[in-house]
Each structure stands twice: as structure tokens, then as C-alpha cells.
Amino acid sequence: MGMTDSQFKTFLRFLLNDLQEIRSEKSDEARNAKLEQIINTMQKALED
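Worth saying up front: this structure is predicted, and the values here are computed from it rather than measured. The numbering scheme is per chain: residues are counted from 1 as the chain's sequence reads. Under the rules for a predicted model, residues below a pLDDT of 70 receive no local features and side-chain atom pairs below 80 are neither given nor counted, while totals for whole chains, interfaces and linings still include all residues. Side-chain calculation: all heavy atoms of the structure are included, whereas hydrogens and water are not.

Give me the overall build of the chain: which residues, what numbers.
Across its full length, the chain holds two helices and zero strands. With respect to the three principal axes, the spread of C-alpha positions in the chain is 40 × 20 × 5 Å. Within the chain, the proportion of its 48 residues that are buried is 6%. Where accessible areas are quoted, they stem from the Shrake-Rupley method and a 1.4 Å probe; at the residue level, only the protein chains shown are allowed to cover. As displayed, the chain has an accessible area near 4,500 Å², and 55% of this comes from carbon and sulfur atoms. Here the positive residues are Lys and Arg and the negative ones are Asp and Glu; neither His nor the chain ends is included. Charge coordinates come from a single atom per side chain, which is NZ of Lys, CZ of Arg, CG of Asp or CD of Glu. Side chains of the chain give 7 positive and 9 negative charges; the mean places of these two sets differ by 8 Å. Every helix listed is a DSSP run of H or I at least four residues long, and every strand listed is a run of E at least two residues long, numbered separately from the N terminus. Whether a residue is buried, partly exposed or exposed follows from its accessible area with a 1.4 Å probe, protein chains only, as a fraction of its type maximum: under 20%, in between, or over 50%, in that order.

Printed below as a string of C-alpha cells:
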């Protein structure tokens, strides 16, 4: 089942917010952990 334009924009806002949060991380370890979490979430979404 597909997404509406509104749902897709909401998804992009969540992703953008997470990426902006990662950009502000001082620690490489924390930044990498958050990136890994986003990558895993996106991979799971693609597999569904």
C-alpha cells in the first residue's frame, strides 16, 4: 500500500529532524549510533 503526499512529507520531516539532530552531535560515537539506527529503520521499512 502506498502513501499519500501528506504522509510522505510527514515521513520526510521526521527523517530531516533526525538528521539535523545527528549533525549537532559532538561525539562521533553518538553520531554513528544514531545514523545506524536511522539506517536500520529505513532498511526495515523497505523490507515490509
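Let's hear about a nonpolar patch on the surface: which residues, and what values?
Only residues whose relative accessible area exceeds 30% and that take part in no salt bridge are eligible for patches, with like-charged residues grouped when within 9 Å of each other and nonpolar side chains (Val, Leu, Ile, Met, Phe, Trp, Tyr) grouped when within 5 Å. Think of a salt bridge as a Lys or Arg side-chain nitrogen and an Asp or Glu carboxyl oxygen that are within 4 Å of each other. A cluster of nonpolar residues, Met3, Phe8, Phe11, Leu12 and Met42, forms a patch on the protein surface that exposes about 440 Å² of accessible area. Sorting elements by how many residues they give to the nonpolar patch places helix 1 (residues 5-23) first, with three residues.

Describe the pattern of salt bridges, and please don't skip the residues or the numbers.
The final tally for this structure, using the stated rule, is three salt bridges. We note a salt bridge from glutamate 21 to lysine 34, for which the minimum N-O separation is 3.3 Å. One end of the pair, glutamate 21, is in helix 1; the other, lysine 34, is in helix 2 (residues 28-47), with 13 residues separating them in the sequence. Owing to a relative accessible area of 24%, lysine 34 belongs among the partly exposed residues under this scheme. For lysine 34, the salt bridge is made with glutamate 25, and the minimal N-O distance between the two is 2.6 Å. Each member of the salt-bridge network shares a partner with another, and the members are Glu21, Glu25 and Lys34.

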